[in-house]
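Observations on the model geometry
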Amino acid sequence: MNDSDQDQYGSSNYADVDQDGWGNSATQYQDGMNNEAQSDQDGVDNTSTQEQYGSDNFGQVWQEFISGNNTAWQVQDGAGNVAYIDQSFGSFNNYAEQFQIGNGNFAVASQVGGSFLGNGSGQYQVGDDNESWAFQNGNYNLAITEQYGDSNYSFTNQFGFGNEAYTLQVGT
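Here the structure is a predicted model, which is why all the values come from computation and not from measurement. Position numbers for residues start from 1 in each chain and track the written sequence from start to end. In keeping with the predicted nature of the model, local features appear solely for residues at pLDDT of at least 70, side-chain atom pairs appear and are counted solely at 80 or more, and the whole-chain, interface and lining totals rest on all residues. In computing side-chain values, all of the structure's heavy atoms are included and hydrogens and water are not.

1. So, the overall build of the protein chain
We count a stretch as a helix when DSSP gives it H or I for four or more residues in a row; a strand needs E for two or more, and each element gets its number in order from the N terminus. Counting its secondary structure elements, the protein chain contains 0 helices and 15 strands. C-alpha atoms define the radius of gyration in this analysis, and the globule rule sets the expected value at 2.2 Å times the number of residues to the power 0.38. Relative to the 2.2 N^0.38 estimate, which gives 16 Å for 172 residues, the radius of gyration of the protein chain is 15 Å and therefore close to what a compact globule would have. In terms of principal-axis extent, the alpha carbons of the protein chain reach across some 40 × 35 × 15 Å. The long-range share in the protein chain, meaning contacts at least 24 apart out of those at least 6 apart in sequence, stands at 28%. Per-residue and other accessible areas follow the Shrake-Rupley method at a 1.4 Å probe size, with only the shown protein chains counted as cover for residues. When the accessible surface of the protein chain is totalled, it reaches about 7,400 Å², and 54% of it is carbon and sulfur. In this description, contact between two residues means that some pair of their heavy atoms is separated by no more than 4.5 Å.

2. Overview of the packing of aromatic side chains
Pairing of aromatic rings covers Phe, Tyr and Trp, the last through its six-membered ring, and needs centres within 6.5 Å; plane angles under 30 degrees mean stacked, over 60 mean edge-to-face, and all others mean tilted. Applying the stated criterion to the full structure yields 12 aromatic pairs. With 4.8 Å between their ring centres and 90° between their planes, Trp 73 and Phe 99 make a pair best called edge-to-face. Within this pair, whereas Trp 73 is found in strand β7 (residues 71-79), its partner Phe 99 is found in strand β9 (residues 95-103), the two being separated by 26 residues in sequence. Residue Trp 73 is classed as partly exposed on the basis of its relative accessible area, which comes to 30%. For the exposure calls, accessible area comes from a 1.4 Å probe over protein chains only, and a residue counts as buried if that area is under 20% of its type's maximum, exposed if over 50%, partly exposed in between. We classify Phe 99 as partly exposed; its relative accessible area is 22%. A centroid spacing of 6.1 Å and a plane angle of 15° characterise the contact between Trp 133 and Phe 135, whose relative ring orientation is stacked. Residue Trp 133 is classed as partly exposed on the basis of its relative accessible area of 23%. Taking the relative accessible area as the measure of exposure, Phe 135 reaches 23% and is therefore partly exposed. Chaining the aromatic ring pairs together yields one cluster made of Phe 58, Trp 62, Tyr 84, Phe 106, Trp 133, Phe 135 and Phe 155.

Below you can see the structure in the form of structure tokens.
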């Protein structure tokens, strides 16, 4: 059995949950206007939580194609923020969270692949027009990105086993 909970306050918000697997849980909360949240869960025992405050924010989570026990958490507060988390294609026991406060921020976390498990990704952006990319192809990798201020850019790409990457940027 799958579980889905959607709460919306404001106007013109859109929330979509597609669950074809079993034991999945999706929670979507929107407070504002013109926000969009999408969660696609075709695997087993995945958890997706999406919170959006403000306007014109977009969040998407993919947990599909033989994936299981993954956790995705997105929180966006502001306007025009975009967040993507992909935990698909044989992805197991991964954790990704994205917090964006401000306007025009963009974040992508990708934890996909046949033998890829136990990865952790955290992307935290406070300010405007920041961009963060995190790709993890391997096992037990950790990528933490913190960006404060405006117009920061980060790209983290991890292959292999047990890598750790920490990025801290404070811009104008």
